[in-house]
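Fold and contact review
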Amino acid sequence: MIFKYKLIILASMNENYIKIIKSISPLELAEVAQVTRDMAQKYKSGYSVPTLKKAVLIEDALGIPARTWVQVQELKENNK
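In what follows, the accompanying structure is described. Predicted, not measured: the structure shown is a model, and the values here were computed from it.

Here we look at the packing of helix H2 (residues 26-33) against helix H4 (residues 52-62)
The interhelical angle for the contact between H2 and H4, taken along N-to-C directions, is 110°, at an axis separation of 8 Å. Considering their axes alone, H2 and H4 lie roughly perpendicular with respect to each other. In the packing of H2 onto H4, the handedness of the crossing is right-handed. Residues Glu28, Leu29, Val32 and Ala33 of H2 touch H4, and the partners they reach there are Lys54, Leu57, Ile58, Ala61 and Leu62. Here the contact of H2 with H4 is composed, by residue class, of seven nonpolar, no polar and two charged.

What follows is the structure, encoded as structure tokens:
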């Protein structure tokens, strides 16, 4: 039963992180991840995901867990 609630909590948290990703400007994300604005836009859209090193930079600066980028990409793939 605890496992079920943990999954529900994680799903809710991931939705919040995705909202944060959508609301952050590409320029701000680019500065944090040390990439171009175009690459940051690709991260936001799910077209590309940050490398582990970049995901850790983002996590440290913005609190968005690295695992969230996998979900962003999955959402993009499911919306094709």
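Quick notes on the environment of isoleucine 20
With respect to the helices and strands, the residue isoleucine 20 is situated in helix H1 (residues 2-23). Given a relative accessible area of 37%, isoleucine 20 falls into the partly exposed group. C-alpha separation for the pair isoleucine 20 and leucine 62, spaced 42 residues apart in sequence, amounts to 9.1 Å.

Quick word on H4
Buried residues of H4: Lys54, Ala55 and Ile58, and no others. Angularly, the buried residues of H4 cover 100° about the axis, an arc narrow enough to put them on a single face. Residues of H4 that are exposed and point more than 90 degrees away from the buried face comprise Leu52, Lys53 and Asp60. Phi turns positive one or two residues past the end of H4, at glycine 63, with a value near 80°.

Some details on the nonpolar core
Counting 16 residues, the largest nonpolar core has Leu29, Val35, Tyr43, Ile58, Ile64 and Trp69 as its most contacted members. Counting residues per element, the ones that place at least two in this core are H1, H2, helix H3 (37-45), H4 and helix H5 (68-78). Among all residues touching tryptophan 69, those that are not within four sequence positions of it are Ile21, Leu29, Tyr43, Lys44, Val49, Pro50, Ala55, Ile58 and Ile64.

Parameters and conventions
Residues numbered from 1 in each chain as written. Predicted model: local features only at pLDDT ≥ 70, side-chain atom pairs only at ≥ 80, totals over all residues. Heavy atoms only, no water. Axes fitted to C-alpha atoms, helices over the stretch in contact; angles between N-to-C directions. Helix = DSSP H or I, 4+ residues; strand = E, 2+ residues; numbered from the N terminus. Parallel < 35°, antiparallel > 145°, perpendicular 65-115°, else oblique. Left-handed = near helix turned anticlockwise from the far one by under 90°. Contact = heavy atoms within 4.5 Å. Nonpolar A, V, L, I, M, F, W, Y, C, P; charged D, E, K, R; others polar. Buried < 20%, exposed > 50% of the residue type's maximum accessible area, 1.4 Å probe, protein only. Arc of directions from axis to C-beta. Core = buried A, V, L, I, M, F, W, Y, C linked by side-chain atoms within 4.5 Å.

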